[in-house]
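Overview (structure and organization)
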Amino acid sequence: MGDFSWKAARRKYGVVVYNYTTGGVKGCLPLEIGECVHILEEYCTGSGADRKATWYRGYSFHNRKAKGIFPASFVHLKECNVENEGPYESVIPIEDAIIKEVTFVLREWNLIWKQLFVEDSRLFGTITTVMVDLMNFRCQLVANTLTNDQCWDLKEQIISRIDWGNGKLGLDLVPRRDGKQVDPDNCSFIELYRLHSQSMEASKGTSPRRQTIRDKARSSREKVASSMAHLVLSFKSLACNVGDESETYFSLYDSSTNKFISEKFLVRNTNKGMPVNMEKLHNYRGIFMDLNEADLERELYLVAQIFRSATSMLQSSEQQTPPKSKGRMLQESSSKKIPKFHYRRPWGAAVLYLKDVLALKREEELDFQMKVQSCVESESSFPHLHETLIKKQSMMIGKGFTIEKDKQTIGIAVSMKLLHGDLTSVKAEQPIMFSKGITMIQKIGFSDSINPGEVRNDLYLTLVNSEFDRGSKKAAKNVEVTVTVFDSNGDMIPECITGGCGEDAVTKYFSSIFYHNNNPKWNDTIRLSIPIDKFQCAHIRFEFCHCSTRDKTEKQLYGFSYLSLNPYDSATQADGTHALCIYKCDNASKIRNYMKLPSFQEDFNDPKIMSTLPNQLPYNRSSKEYLTVSTFLCSTKFTQQADLVRVFQSSSRQECIEKSLHNLINLRGQEVVRYLQDILDALFYMYGHTSSEGERFKHAAEVFHALVHIFNLLQDSKFEKFVCVLEAYLEENFSYPLAYRDLLSCLHEKTELAVSCADFDKEYTVEDVFQVLEQIFRFIEKSYRLFQGQYGVEPDNFKQLLGSVFRSYGRIMSSTEVALRRAQAKLLRELNKTFQPLLKLITRKELAGLIQEMCSKMPKELPPLLLEAKLQLCRDMVNSVLFTEQVSRDIVLPMCMSVIKKCLITKRVLPLASQTLGDILDQFREISVPDGDSQYVLKILFDLLMQTLLIMDEVQQEEAGGMMICCLMELLRKMEELHYTSLMNTYPKGRPLKDFLIRVLLVFRDLIKRDVFPASWTLMRMVTNHVILTAIQYVAQSLTEHFLTGSDFDNQLWSNYFDLAVSFVTQDSLQLERFSDAKRNKVKDRYQDMRVLIGLQIQTLWNGLGNQKRHFIPSLVGPFLEVTMVPETDVRKATIPIFFDMMLCEQNIKGNFTSVESEIIEKLDILITGNNGDTEYRTLFNQILLDKVQTEPVLREDGRRFVVSVTNLLEKLLDYRQVIEGDEHRDKRMHCTFNILNFYKDNINREEMYIRYINKLFILHHDANNFVEAGLTLQLYAQLLRWTPDQLSANLGYPSQKELERKEELTLKVIECFDKGKAWEYGIPLCKELAEVYEKKLFNYKKLSQILQREAAFFNNILEGPSLRQNPSYYRVAYYGMSFPPFVRNKEFVYRGDECLKLATIMSHLTTEFPSASILTSNTPPDDKVREGDQQCIQISSVKPVASERSEFQGHTVPMEISNFYSVNEVDVFQFDRPYHRGERNKDNEFKTLCLERKVLKTSYKLPGILRWYEVVQTEVLHLPPILVAVENMRTVNTELDYLTGRCKSNTDMFFQQLMMRLQGVINSVVNGGLPKYQEAFFCDEFASKHPDEVCHLIELKTLLVEQVDLMEQGLRKTESMCTEEMKPLQKNLVEMFSKLKQDITDSGSPRAGRLRGGSLGAVIRPGTPGSGSLNSSSSNRSSITSAEAMSQDGDNIYMDPPEDSGMPPPPPEKRRIGSRLANYGAHLGGQQAPPIPSRPASALVSGSALQQLTSRLQQSRGVTGSDPALNQSPTSQRALSSSMSSSNLGSGSRTPDAQNMRRFVSSPDTSNTDPSTPPPLPQRRTSNAAEIGTGILNTRPPPPPPRQTTHDLRFLSYNVPSPTSGNVTPVPEEKPAIPSRTRSIAVVNGSFDQGLTAVREQASGEDKIPPLPPRVPPRPSIPSLPEAGSPSQPPANENITSPPPVPKRTSMYRGVSSGSVEDTHM
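To keep things clear, this report deals only with the structure shown in the data block. Note that the structure is a prediction, hence the values are computed from the model and not measured.

**Let's talk about the overall build of the protein chain**
The helix and strand inventory of the protein chain stands at 65 helices and 39 strands. Across the protein chain, the fraction of contacts at a sequence separation of at least 24, relative to all contacts at a separation of at least 6, is 75%. Accessible surface computed for the protein chain: about 86,900 Å², of which carbon and sulfur atoms make up 49%.

And the structure:
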């Protein structure tokens, strides 16, 4: 039976290979492919061998908190290591560390890589390349197909890219040892610091480094070799018609020095152009070796010289003629017995500039064509032909070099590529190329890289030129030179001459022949490779033959010359040019016994030589004939320096040894190192064989001097490559056992001379000797070993000699001579290099004793140079084997500690001191040292280290701070409880212990705050924090034991501890939330969350303070607040209760906790705005402290109040922080600043914080050009000040000054803001206040004059207001959705816009501020789904201000210029209308059913205020029946006509055109029938029967109709008197239409028609709301007849286009309403666009010219007044509010008429005859009071209606509705509505302002009620349940997939009406 149970998993780690979804199964864990899972348990089926896991339980590493079960088949198991097995176990997969790191790096880089695409495209491309490389490298490693070496190199490439990428992306640096990540637990702090530094260096650069770790470890010789280059030349073809076999020589030529720098590469071709050796076909290659960097920078050319191997001496042109005519050698057809000779004749040359070739990339090969210049016609030009070609090419650079066609051939085809590295590595990298045979072409001279044991013996001989005497012959000779080499016996040395590389050496070399030339110039260089044993006595013989064209049998010998290679048995022939004598001889057999004859031409001018010669020479010679040759020796065996030869021959020539040694020192370094082994052998031979037993060689000092010179020479960077030669000699060739004696003696003598200052005038000083101590002692050690091996015993006097040397060292170190300081420092620095050879001869203890004795002789006070050198010696000793053995360490360690301590105390050489201490501690970790050594270092340096860290300056911190901190951390990590106890006991209890603990705490705090290590050194920071955490625990224990109770309590010590703890918790490196998930989990697994541990410790120690807590209140409030804001829940839960403890403590002491409360509030403001804290913190703060204070009776009331208040402040501050940056958040920032400002004013009364936010809000307003709001804001600050001389401190940018001065400055700023904002009414009281101060307090009449002038200017501006300013616009903005910020979420506001603000502008601003929000196209309040949803929706509509009555205006005739300001300012009540139809819409006559829903809004404060918007705190909804809508329309038109007619009297130019346009619109009202439709709707029995309760309003309607006819008649009479000739046609047209209109009304039999016969009846204008720009009621030519059809198109659409009017041209673009654009915008957002409004027919009675003139004058008028119908609203008062709507403004959100028509809404008498010079006194500005809100939105009743001459007035808020039976108008008293409860941000209130509206509501709720319409959005279809989870590898069978149901069409949403009242239905 199977085991069906959950058991612990055996294999713990796996990778998901299929996506797994839970399918609704509870407890399952969803997984995605690629996730790694930790398996905790497994569920198995079966038993025994069939037991198999089917389900696993565990978690994904992406989210460790979510645990669940998942199928086993979805997971691929991998091997892993389990650490700490159990509940807290961790798993580590077993795989290659580099592969695992690449995986982690790619995942981490991927997130940043996407951001780089936007931020840094250049770095994005580079990182992309590196990521692709890493992926490819990882694939190669995973494939496991590479060799070990290839795998290692690939890993190094991966590491270099990872380190570079991490550095560029600002990620963590990874410390590595040998390419592997180090484990910080197995690595000392010092090594970890150094590894981080190395990783930082590797991450620098603009691109990933290709250099591997092996490259970095190369020796100096390998570095030199790697800089070498080799040029590979491949010969392709010779496309030249040479005619004979040819020889082509390729060589490298330096045009700057005019020298060939390489040997020649010879290519032989047949007369057909094919290679002579067919094996080399397509494989004719040569490699020019050992080109150094200097060579590559030269002006190098590849020179090709072509020779033809001719069988005739004739020129090529002569060979076509008969033989007898020219004379020539035998032809091939002559006789076969006659020998045929081959003559080398010059044919041509070619050059190729190698600049492009040398710039080739590695392994790149390019083809080239070399154009050949022939010299057949002028052979004499051949030697310098290449130079001529080079000059021509240099002159034709960029123009293309060409040659005359008759001298140009196609040329030579070659290919070349450049290889880098030493030749051995190149051969290994190119095995195929070298296996096929390639010619090695050497440089002429030594290369930069000479391998040990390399032997070279080459002599380069150049045939320069010669001179021959013509003699009696007319024709010149055809001279051929034959070169041969003979030994001392006169035998010819075979095969030692090479004319070109690629061919075998020859015994005889034949030169080229120049036809008929007695002074041939060859410039032909050959190489002589003479055997070493024959070189010294060899000589070169030159034989000259005349190659006649007549003699066909043989060449005719003419003479000979010779050159000895080693004249006079001394040095080799010197390099240079030699002129050789030519001895005549016509028979080769006679050439003998010539070696005693002079060989040089100049020898015959030397009397000494001539005296030795016989009178008769065996050979004749001519002084005019000579041969010029040049030689260049390149040999490691033979020298041209005679001094070197004498050194080599010292055994036979001892009399000149001293002089030779002296000259050796003066030789060039190149000469010395070239024969290094031979020189060393000769010098040590002098030491070992030229003295008798027991005697010193008399020239030992000179030999020692020469050795020192050579050793120093090898340390020069130019010759460091020859060190390997020295090493080879020492190991293999040195064989002098007695040399140690002379070396030690000479060293001792030289040191003693330095002590007595007797060697300063010598050619070499003791400093030179100390520089090469290592080489000297290595030879001493080798000699000692040879002596021991040869004689079998140790030398008796060795230790005596060595002791004397070190004693002389001591004497020189004890000297205080300034001249010896450099030598002393040199000795200390170089002495460590002698440790290795000396330790092979003496013990470690003996050597340490010798060094210690030497150093003890040094003075106590050392100069910086010697102190540094001594410290360096100590460091070298620590890092040597002397420190690994206890007996020697006991000597070395105290000496090192003494020097380090001195450096720390004196603050000198701190970088080296810290490095030395670090090496000591590092060695302690590497070797097993006893605890006593650690205790010794700890006791001496621990406190001293901390003192040094506290007082180091910035420079010292930068140089040595990092390493010194690492030393301190390493000491702390090695310390255990016993060490801490011992360290604490070192200091007596009391002051000493306190000072020590303070130093510890201060050092730890500075380490945390200063960020000693870079941010990318995360591992280093974590290890440091972990060590500090452990140390803090021990320090806290000591605090509790010694400084907590009674008199032992120390406030300073505990303050330092808490300061350290706060700094530890809040440091950036421990904020794990900023790390990636993988990094955060890795840190927690190793170190846990160290913030939590310290937080718990803070809580524990605070609770243990007891009564001592009072010392830290309130000083620790701010630091603890900072701790609680760390985004870690456990830290917050542990530390937030401390505030309750502080409150309770202060409450018990003082009876209140005011100081704690004040400090918390002040610090919260600073911390929250500094980006600390979050919403979770606010919640925890509230919950924890509320729970605490409820349990404490003393704090229950005040504590709860405090917690709630602080929570409220937190919410406001968090809102403010979210919008503190960015211009797009400016309005949000203002709102949040306003909220905080009010909090400080109303809740806390903290004046300082209040003023701070006043200033912030002022700056925001001022920068946004909100000058009125800025002035009102700054006025709050000014009101806090008094006119007193008290001194105020500097604050908020204001200097220290008297209080009255600051108040004056603020008041002037406020006045300036009001002036810029055109709110002069607000500035006048301030001017009066300042005037009084200037007059009565300051007596400053100058300022008084200025302020009075400004006040007068303000009065004047007010009277000119219509031309200087326009009225502001107001908008209602509602924010719906839970994703909005809390301060606007589900709330509505009224925005005050400036005179230029359009609706489109505010919409654009809002969409910018909230990019994800959508603008609702309907003003219907949304349902709860929208309010509670996540989608952001904004609703915008224009509103009209409702002005309140001003008591100061009552009973006075106030000019319009004065009263107009208060009709749109200082308002807090606003309204807007929405049309709808009662019952079913009447398509024939919409006026029968057209109603209005009027919403009245009240804001929290009056506008303008310190914000441009305020929240709506109360809402009233009223409904107007059709009859009242008609009444309002008529009243609006009458008011406008009356206003325009009256204003025309006072200002004809401004108002005449507007009156004409208005009259035309009223009289010519033909849209939808005009008046007949109203008569049909209301003046009929049907209306009276259906709505008997509304019949009472017919009387008012009829009265308004009669009044309108009178007003039209008055207007026509007025226009007739002012009409110009151009306008008379229009005037006549209007009069005729008016007469016809009166007649039609009379004939219709309407009520009171008799009276109307003498007048006219105007049209009724539809009511509307100032909003989206419907301007038909303005001074336009549009009809004022209401388009009921247009009104009922879509009552919910806010943005409606005005009806098209074809009778008049459209208004200018700036005057058009913006509704059309907004409607399109709404449609774009998903709303429905209103259908177009039908146009009315055009009037045919207006002439075109009159119409054009009228339009033009209208535009001019508007331009003067600055009015903009789309920007302004009408000036309204409470009395005239009901008549302030035009017929075109019934659409929801519609706007008011333009500014010129705004006067028509004011119910004031005609003021044209009023004296404007005597206006009533200006009232003071009324401020809003929160108490007024509770008295109702409108709390005053209107005055009685004015007489007939004024506008008929009917307030919409106080309709007198009579009962249905009486028919009389009975006034009903008003009732003050109560403020509704703000359960929601926006309240829709169905109450009323007046009980008189009850009847209206009863009518609206009767039979003709608004029918409910279907919801706007259809219900969401239900989501079908997901199928059960099946097998992941197979889809479910027979799956029936159906299409989703169709989405229902969207319908409009209307309000529903209940039976009792009209209510808003929310979706």
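**Observations regarding the environment of glutamate 1146**
Within the secondary structure layout, glutamate 1146 lies in helix H41 (residues 1137-1150). As a C-alpha pair, glutamate 1146 and valine 1156 span 10 residues in sequence and 7.7 Å in three-dimensional space. When near neighbours in sequence (up to four residues on either side) are disregarded, glutamate 1146 contacts Ile1113, Gly1151, Asn1152, Phe1153, Thr1154, Ser1155 and Val1156. Reaching out from glutamate 1146, the side chain makes a polar contact with the backbone nitrogen of valine 1156 at a distance of 3.1 Å.

**Topic: the nonpolar core**
One finds Phe684, Tyr809, Ile851, Phe942, Phe1004 and Trp1054 to be the most contacted residues of the largest nonpolar core, which totals 312 residues. The greatest single-element share of this core, amounting to 11 residues, is contributed by helix H35 (residues 1018-1042). Ignoring anything within four residues of it in the chain, the contact list for tyrosine 809 reads Leu747, Thr751, Phe770, Leu773, Phe777, Leu827, Leu831 and Met854. Formed by 45 residues, the second largest nonpolar core is a distinct cluster that contains Tyr253, Tyr301, Ala349 and Tyr509.

**A look at the sheet that holds strand E11 (residues 229-239)**
Taken together, the five strands give an open sheet; going across it, the order is E18-E20-E11-E15-E21, and neighbouring strands pair in mixed fashion. Of all the strands in the sheet, just strand E18 (365-370) and strand E21 (439-441) have a single pairing partner and so form its edges. If you compare each strand with its neighbour and ignore which way they point, the axes differ by 25° on average.

**Digging into the sheet that holds strand E22 (residues 457-467)**
Read from one edge to the other, the open sheet built from nine strands follows the order E24-E26-E22-E30-E29-E28-E27-E23-E25, with strand pairing classed as antiparallel. The outermost strands of the open sheet, each flanked by one partner alone, are strand E24 (497-498) and strand E25 (509-510). As paired strands, E24 and strand E26 (residues 521-528) are joined by two bridges and run antiparallel to one another. Counterpart to isoleucine 497 in the pairing with E26 is leucine 528.

**Observations concerning the packing of helix H47 (residues 1267-1280) against helix H48 (residues 1299-1316)**
Direction vectors running N to C along H47 and H48 enclose 165°, while the axes themselves pass 8 Å from each other. With respect to their mutual orientation, H47 and H48 come out roughly antiparallel. Between H47 and H48 lies a crossing whose hand is left-handed. Here Phe1267, Val1268, Ala1270, Gly1271, Leu1272, Leu1274, Gln1275, Tyr1277, Ala1278, Gln1279 and Leu1280 of H47 come into contact with H48, specifically with Glu1299, Arg1302, Lys1303, Leu1306, Thr1307, Lys1309, Val1310, Cys1313, Phe1314 and Lys1316. Across the contact of H47 with H48, the residue classes break down as 12 nonpolar, four polar and five charged.

**A closer look at the packing of aromatic side chains**
Following the criterion strictly, the structure yields 75 aromatic pairs and no others. Among the aromatic side chains, those forming a connected cluster through ring pairs are Phe1049, Trp1054, Tyr1057, Phe1058, Trp1102, Phe1112 and Phe1120. Looking at arginine 1446, its charged tip hangs above the ring of tyrosine 1462, at a distance of 3.9 Å from the centre.

**A look at a nonpolar patch on the surface**
Together, Met274, Met278 and Leu281 line one region of the surface with nonpolar side chains, adding up to about 250 Å² of accessible area. For methionine 274, the location among the structural elements is in the loop between strand E14 (265-269) and strand E15 (284-291). Residue methionine 274 is classed as partly exposed on the basis of its relative accessible area of 36%.

**Here's the deal with the pairing of strand E39 (residues 1509-1520)**
Moving residue by residue along a regular strand, the side chains alternate between the two faces of the sheet. Across the 12 residues that make up E39, a large majority, 12, are buried. Sheet topology note: the strand E34 (residues 1387-1393)/E39 ladder contains three bridges and is antiparallel. Each residue of the ladder has a partner; that of phenylalanine 1389, found in E39, is glutamate 1511. Summarising the sheet, strand E38 (residues 1490-1503) and E39 pair through eight bridges and their orientation is antiparallel. Its bridge partner lying in E39, leucine 1497 is registered against threonine 1515. In textbook terms, the turn of a hairpin is the stretch between consecutive antiparallel strands, and for E38 and E39 this stretch comprises five residues.

**Describing unusual backbone geometry**
Following isoleucine 1113, the chain continues to proline 1114 via a peptide bond in cis, the omega torsion being 5°. The topology assignment puts proline 1114 in the loop between helix H38 (1090-1104) and helix H39 (1117-1124). Cis peptide bonds are those with omega within 30 degrees of zero, and the linkage from leucine 1503 to proline 1504 qualifies with 0°. Tracing the chain through its elements places proline 1504 in the loop between E38 and E39. With a phi close to 75°, asparagine 1171 is a non-glycine residue in the positive phi region. Mapped onto the elements of the fold, asparagine 1171 is located in the loop between helix H42 (1154-1169) and helix H43 (1175-1190). Even without glycine at this site, asparagine 1386 takes up a positive phi of about 55°.

**Some details on the side chain of asparagine 1056**
Mapped onto the fold, asparagine 1056 is located in helix H36 (residues 1051-1066). When near neighbours in sequence (up to four residues on either side) are disregarded, asparagine 1056 contacts Ile998, Leu1001 and Leu1002.

**Thoughts on the side chain of glutamine 1275**
With respect to the helices and strands, glutamine 1275 occurs in helix H47. According to the relative accessible area criterion, glutamine 1275 is buried, its value standing at 17%. Among all residues touching glutamine 1275, those that are not within four sequence positions of it are Val1310, Phe1314 and Leu1326.

Rules used throughout
Throughout this document, residue positions are counted from 1 along each chain, in the order its sequence is written. Thresholds applied to this predicted model are a pLDDT of at least 70 for local features of residues and 80 or more for the giving and counting of side-chain atom pairs; totals over whole chains, interfaces and linings are not thresholded and use all residues. Here the side-chain values reflect all heavy atoms present in the structure, with hydrogen atoms and water set aside. Numbering of helices and strands starts at the N terminus; helices are DSSP runs of H or I of at least 4 residues and strands are runs of E of at least 2. The contact criterion used throughout is that any non-hydrogen atoms of two residues lie within 4.5 Å. Where accessible areas are quoted, they stem from the Shrake-Rupley method and a 1.4 Å probe; at the residue level, only the protein chains shown are allowed to cover. What qualifies as a polar contact is a pair of N or O atoms within 3.5 Å, subject to a donor-acceptor requirement within protein and to the restriction that residues adjacent in sequence count only when both atoms come from side chains. Note on terminology: a nonpolar core comprises buried Ala, Val, Leu, Ile, Met, Phe, Trp, Tyr and Cys residues joined through side-chain atoms within 4.5 Å. Only protein chains enter the accessibility calculation, which uses a 1.4 Å probe. A residue is then buried if its area is under 20% of the maximum for its type, exposed if over 50%, and partly exposed in between. Only strands that DSSP links by at least two bridges are regarded as paired with each other. Helix axes are fitted to C-alpha atoms over the stretch in contact, other axes to C-alpha atoms as well, and angles between N-to-C directions run from 0 to 180 degrees. Throughout this description, any angle smaller than 35 degrees is read as roughly parallel, any larger than 145 degrees as roughly antiparallel, any in the 65 to 115 degree range as roughly perpendicular, and the remainder as oblique. Helix crossings fall into two classes, left-handed where the near helix is turned counterclockwise from the far one by less than a right angle and right-handed where it is turned clockwise. Amino acids outside the nonpolar list (Ala, Val, Leu, Ile, Met, Phe, Trp, Tyr, Cys, Pro) and the charged list (Asp, Glu, Lys, Arg) are all regarded as polar, and Gly is one of them. Whether two aromatic rings pair depends on their centres lying within 6.5 Å, for rings of Phe, Tyr and Trp, where Trp uses its six-membered ring; planes under 30 degrees apart make the pair stacked, over 60 edge-to-face, and the rest tilted. By definition, being over a ring means that NZ of Lys or CZ of Arg is both within 6 Å of the ring centre and within 35 degrees of the ring normal. In this scheme, patches are assembled from residues that exceed 30% relative accessible area and form no salt bridge. Like charges are connected within 9 Å, while nonpolar side chains (Val, Leu, Ile, Met, Phe, Trp, Tyr) are connected within 5 Å. Note on definitions: salt bridges are taken to be side-chain nitrogens of Lys or Arg within 4 Å of carboxyl oxygens of Asp or Glu.

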